[in-house]
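# Residue-level structure breakdown
Below, each chain spelled out in residue letters.
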Amino acid sequence: MTVLIAEDDAIMRDTLCACILAEGYHPVAARHGREALDLWRRHQPQLLCLDIMMPEVDGYEVCRQIRRQDPDVPILFLSAKKEEIDVIVGLELGADDFIRKPFTRGEVMARIRAALRRSAAARQSSSTSFQMHDLEVWPDELRASRDGLTIDLTPREAAILTLLHQEKGRPVHRDTFLDRCWGQDYFPDSRTLDQHIVTLRKKVEADPANPQIIETVRGIGYRFRPARDSLETQDEKTQDSRLKT
């Protein structure tokens, strides 16, 4: 999932990109408004964070031009401007949120996740989900649900659950997680994977001390073991397919 950061302050831009990357999103960075428009056309990001006071083309004009072509992509303004009129102008141009500087990493990431959830909810009719025991997962919406309670997921957590579900019943090697859920441009170690699994278990396991969804396979990695009747149904479908061919 790509997030475009348009910010003329290099330190702020690099800090935001690091936060975005750490959360499992893919950041692309622009130094000014004209570059932001070019990167938006090339990458079609799922969310934009725009500074207002930028050289060449300001954030307001970037928002105005994007909204003419895409009414749905979430746009967040990041600005030191504090007057109410600045917020009103930004929202009336079609921004989804206005975050005043200075802000904390926790605040900006919470606002980004909230904007992405709202965007995903608007597309919910076409969204697909899968079941992991009593947990239902909507990877495109970055959420899961159990007993009517919603569990927010990061993109990387959604990717981990998706991979486990795709390989259900089979152990998934650590290297496969790192390749598929982190990507070739990022080089985490096995401790990073284990830390993510610990955090994810606290979210999705009914009893994290006795995990039923993310099972450890010593010396290899992790596995999702579906219910036996689910595996038998899968085996029957495979056998039927072979007989038909």
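## Overview of the side chain of Glu 141
Looking at where Glu 141 falls in the secondary structure, it is placed in the loop between β7 (135-138) and β8 (143-146). For Glu 141, the side chain forms a polar contact with the side chain of Arg 143, separated by 2.6 Å.

## Comments concerning a nonpolar patch on the surface
Nonpolar side chains collect at one region of the surface, where Ile 85, Ile 88 and Val 89 lie side by side and expose about 220 Å² of accessible area between them. Here Ile 85 lies in helix α4 (residues 84-92). The class for Ile 85 is exposed, based on a relative accessible area of 52%.

## Describing the confidence of the model for the chain
When pLDDT drops low, the exact placement of atoms in the prediction is not to be read closely. Here the chain shows a mean pLDDT of 85. Residues at 70 or above account for 87%. Between the elements of the chain, mean pLDDT differs from a low of 48, seen in helix α9 (residues 228-244), to a high of 96, seen in strand β1 (residues 2-6). This model gives residues 229-233 a pLDDT under 50, and the stretch forms 2 contacts once residues within four places in sequence are excluded. Counting interchain partners and residues more than four positions distant, the pLDDT-below-50 stretch residues 240-245 has 0 contacts.

## Details of the packing of helix α6 (residues 155-166) against helix α7 (residues 174-182)
Packing of α6 against α7 brings their axes to within 9 Å, and their N-to-C directions diverge by 130°. By the angle between their axes, α6 is oblique relative to α7. As for the relative orientation of α6 and α7, their crossing is right-handed in sense. When α6 is examined against α7, the residues Arg 156, Ala 159, Ile 160, Leu 163, Leu 164 and Gln 166 are found in contact with a partner set consisting of Thr 176, Phe 177, Arg 180, Cys 181 and Trp 182. Taken together, the residues of the contact of α6 with α7 sort by class into 7 nonpolar, 2 polar and 2 charged.

## Side note on the sheet that holds β1
Pairing within the open sheet is parallel, and its 5 strands lie in the order β2-β1-β3-β4-β5. Single-partner strands in this sheet number two, and they are β2 (26-30) and β5 (97-100). The sheet shows a mean angle of 20° between the axes of neighbouring strands, taken without regard to direction. Against the sheet, helix α1 (residues 10-22) touches β1, β2 and β4 (75-79), its axis set at about 165° to β2. Sitting on the sheet, helix α2 (residues 33-43) touches β1, β2 and β3 (47-51), and the angle it makes with β2 is about 145°.

The rules behind the values
- Residues numbered from 1 in each chain as written.
- Predicted model: local features only at pLDDT ≥ 70, side-chain atom pairs only at ≥ 80, totals over all residues.
- Heavy atoms only, no water.
- Helix = DSSP H or I, 4+ residues; strand = E, 2+ residues; numbered from the N terminus.
- Polar contact = N/O pair within 3.5 Å; in protein donor to acceptor, adjacent residues only side chain to side chain.
- Patch = residues over 30% accessible without salt bridge, like charges linked within 9 Å, V, L, I, M, F, W, Y side chains within 5 Å.
- Areas by Shrake-Rupley, 256 points an atom, 1.4 Å probe, with all protein chains shown as cover.
- Salt bridge = Lys/Arg side-chain N within 4 Å of Asp/Glu carboxyl O.
- Buried < 20%, exposed > 50% of the residue type's maximum accessible area, 1.4 Å probe, protein only.
- pLDDT = per-residue confidence, 0-100.
- Contact = heavy atoms within 4.5 Å.
- Axes fitted to C-alpha atoms, helices over the stretch in contact; angles between N-to-C directions.
- Parallel < 35°, antiparallel > 145°, perpendicular 65-115°, else oblique.
- Left-handed = near helix turned anticlockwise from the far one by under 90°.
- Nonpolar A, V, L, I, M, F, W, Y, C, P; charged D, E, K, R; others polar.
- Pairing = 2+ DSSP bridges.

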